[in-house]
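A look at the structure
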Amino acid sequence: MAADRITIIGSGRMGQGLGRALAGAGYGVTLVGRRQRTVPSQLLLHVGDWPPVTRSCDVLLLATPDDVVEAVARRLTDENGVGSDQVVLHLSGLLDHRALDSLRPSGAALGSFHPLKSVAEPGGAKATDFAMAAVGIEGDDRAVAAAETMARRLEMIPIRLPPGSKPAYHAAAVLVSNYTVALVHMAERIVHEAGLRDERGMFQRLLEGTVANMASMAPHEALTGPIRRGDAHTVEAHLASLSPGDQAVYRALGLEALRMAEADGLSPDVAERLQAALTTGDGSSRS
Ligand SMILES: NC(=O)c1ccc[n+]([C@@H]2O[C@H](COP(=O)([O-])OP(=O)(O)OC[C@H]3O[C@@H](n4cnc5c(N)ncnc54)[C@H](OP(=O)(O)O)[C@@H]3O)[C@@H](O)[C@H]2O)c1
């Protein structure tokens, strides 16, 4: 039987965003908040004792900060807030189902459901479209089955995460999503420091073109630039223009790009020159 009633503890960015998406997919969704606030009209907000709403759903989602997931699970145990016929999933990328272990005696199925989607604006229109986003899933068999059903109804792509993989999986996701944002910020700072004051979103548009390329190509096919071409002098000049802190980021990502270029046929002598520039050079040795 499809689970139709979902309660979400945590009425922040993901609680509201995922809640709206689930409501759009036909679920009845109740948010549990710590205070009264305006929430999207498709959602009910409950502020008060937990058991009346945490026991009356098929799937209970914990959309709280990662650091309080274990404490929330303990509170649910102490208040007898979950029964054996229910499924409890938290949304953390780092933690796995063991963060919910205090709920074992309840007999509920435990797992995690981590949407690979950045929800920056609680309740905003962009927050509700989860279709085609991947979602990392793991846990007890019954919890995984419920999570996969939810993913299918949201038109998401479920990815089963092997035991012990979540810290590396989440680190990789943070690199792609959060650190891309940090890279754009870093690029804007670098050109500001070089005297450019009016970049007018040029790096965001550059990034959009790169992302569009990757929609139809593997990363190694989408890689362009001096490392793919073998332009060691260009790399040396870049390093010479950067502060030591910015050089460290450039070198680390440059070495990853170099490994891709080598695998894609860059000649060994050019690769050796680039390796030297990226690991030891500071640009001052340009010939
Ligand atoms: N946002 C994303 O892009 C994203 C993506 C993937 C996964 N996630 C996961 O989703 C979860 C929630 O993240 P978020 O970005 O939605 O965080 P958020 O915007 O900070 O929202 C967290 C919510 O949890 C509530 N809360 C905090 N401590 C609580 C407690 N002890 N008991 C009950 N409620 C508590 C907060 O209540 P108040 O409003 O009263 O402070 C807030 O509404 C995290 O596990 C995160 O890893 C988020």
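The structure presented is a predicted model; accordingly, all values stated were derived computationally and were not measured.

All right, on to the overall build of the protein then. Regarding its fold elements, the protein presents 12 helices and 8 strands. Each principal axis of the C-alpha distribution contributes one length, and for the protein these read about 75 × 40 × 35 Å. Taking all 287 residues of the protein together, the buried fraction comes to 43%. Counted over contacts in the protein with a minimum sequence separation of 6, partners at least 24 positions apart contribute 59%.

This brings us to the domain arrangement of the protein. In terms of domain boundaries, the protein breaks down into domain 1 (5–163) and domain 2 (176–279). The distance between the C-alpha centroids of domain 1 and domain 2 comes to 38 Å.

Next up on the list: the packing of helix α6 (residues 178–193) against helix α11 (residues 244–263). Contact geometry for α6 and α11: axes closest at 12 Å, N-to-C directions at 130°. When the axis of α6 is compared with that of α11, the two are oblique. Handedness of the crossing formed by α6 with α11: left-handed. Taken together, the residues of α11 that come into contact with α6 (itself represented by Leu183, Met186, Arg189, Ile190 and Glu193) are Asp246, Val249 and Leu253. Its residues assigned to classes, the contact of α6 with α11 shows 5 nonpolar, no polar and 3 charged.

Moving on, we get to the packing of aromatic side chains. Taken as a whole and judged by the stated rule, the model has 0 aromatic pairs. Above the ring of Trp50, the side-chain terminus of Arg75 is found at 3.6 Å from the ring centroid. Over the face of the ring belonging to Phe130 we find Lys117, whose NZ or CZ atom lies 5.4 Å from the ring centre.

Right, let's talk about the site of the ligand for a bit. Arg13, Met14, Arg37, Asp66 and Val119 are the nearest of the 22 residues found near the ligand. Arg34 is positioned with one of its side-chain polar atoms (N or O) 3.0 Å from an oxygen atom of the ligand. At 3.1 Å, a backbone N or O of Thr64 approaches an oxygen atom of the ligand. Out of a free accessible area of 890 Å², the ligand has 78% covered by protein chains. Those elements that provide at least two residues to the shell around the ligand are α1 (13–24) and β6 (109–115). When its residues are assigned to classes, the shell around the ligand shows 9 nonpolar, 7 polar and 6 charged.

Moving on to the pairing of strand β8 (residues 157–160). The pairing of strand β7 (residues 134–139) with β8 spans 4 bridges and is parallel. Across the sheet, Ala134 pairs through a bridge with Ile157, a residue of β8. For the segment spanning β7, helix α4 (residues 141–153) and β8, crossover handedness is right-handed.

Now for the sheet that holds β6. Here we have 8 strands laid out as an open sheet, ordered β3-β2-β1-β4-β5-β6-β7-β8, and mixed in their pairing. Among the strands making up the open sheet, the edge pair consists of β3 (44–47) and β8. Averaged over all pairs of adjacent strands, the angle between their axes in this sheet comes to 25°, without regard to strand direction. Bridging between strand β5 (residues 87–90) and β6 involves 4 bridges; their strand directions are parallel. Each bridged residue has a counterpart across the sheet, and for Val87 the counterpart in β6 is Ala109. Those strands touched by α1 are β1 (5–9), β2 (28–33), β4 (59–62) and β6, and its axis lies near 165° from that of β2. On the sheet, helix α3 (residues 69–78) packs against β1, β4 and β5 and is oriented at approximately 140° with respect to β4.

Attention shifts here to the nonpolar core. The tendency in soluble globular proteins is for nonpolar side chains to be buried side by side. With 33 residues, the main nonpolar core has Leu18, Leu22, Leu61, Leu89, Phe113 and Met150 as its most contacted residues. When contributions to this core are tallied by element, the ones reaching two or more residues are β1, α1, β2, β4, β5, β6, β7 and α4. Examining the composition of this core, we find that 6 residues originate from one element, α4, more than from any other. Apart from residues no more than four positions distant in its own chain, Leu22 is found in contact with Ile6, Ile8, Tyr27, Val29, Leu61, Met150 and Leu154. Trp50, Leu62, Leu95 and Leu100 belong to the second-largest nonpolar core, a separate cluster that totals 19 residues.

The rules behind these values
- Residues numbered from 1 in each chain as written.
- Predicted model: local features only at pLDDT ≥ 70, side-chain atom pairs only at ≥ 80, totals over all residues.
- Heavy atoms only, no water.
- Helix = DSSP H or I, 4+ residues; strand = E, 2+ residues; numbered from the N terminus.
- Buried < 20%, exposed > 50% of the residue type's maximum accessible area, 1.4 Å probe, protein only.
- Contact = heavy atoms within 4.5 Å.
- Domains from an automatic or database assignment.
- Axes fitted to C-alpha atoms, helices over the stretch in contact; angles between N-to-C directions.
- Parallel < 35°, antiparallel > 145°, perpendicular 65-115°, else oblique.
- Left-handed = near helix turned anticlockwise from the far one by under 90°.
- Nonpolar A, V, L, I, M, F, W, Y, C, P; charged D, E, K, R; others polar.
- Phe/Tyr/Trp six-rings, centres within 6.5 Å; stacked < 30°, edge-to-face > 60°.
- Lys NZ or Arg CZ within 6 Å of the ring centre and 35° of its normal.
- Near = heavy atom within 4 Å.
- Polar contact = N/O pair within 3.5 Å; in protein donor to acceptor, adjacent residues only side chain to side chain.
- Areas by Shrake-Rupley, 256 points an atom, 1.4 Å probe, with all protein chains shown as cover.
- Pairing = 2+ DSSP bridges.
- Right-handed = clockwise from strand over helix to strand, strands pointing away.
- Core = buried A, V, L, I, M, F, W, Y, C linked by side-chain atoms within 4.5 Å.

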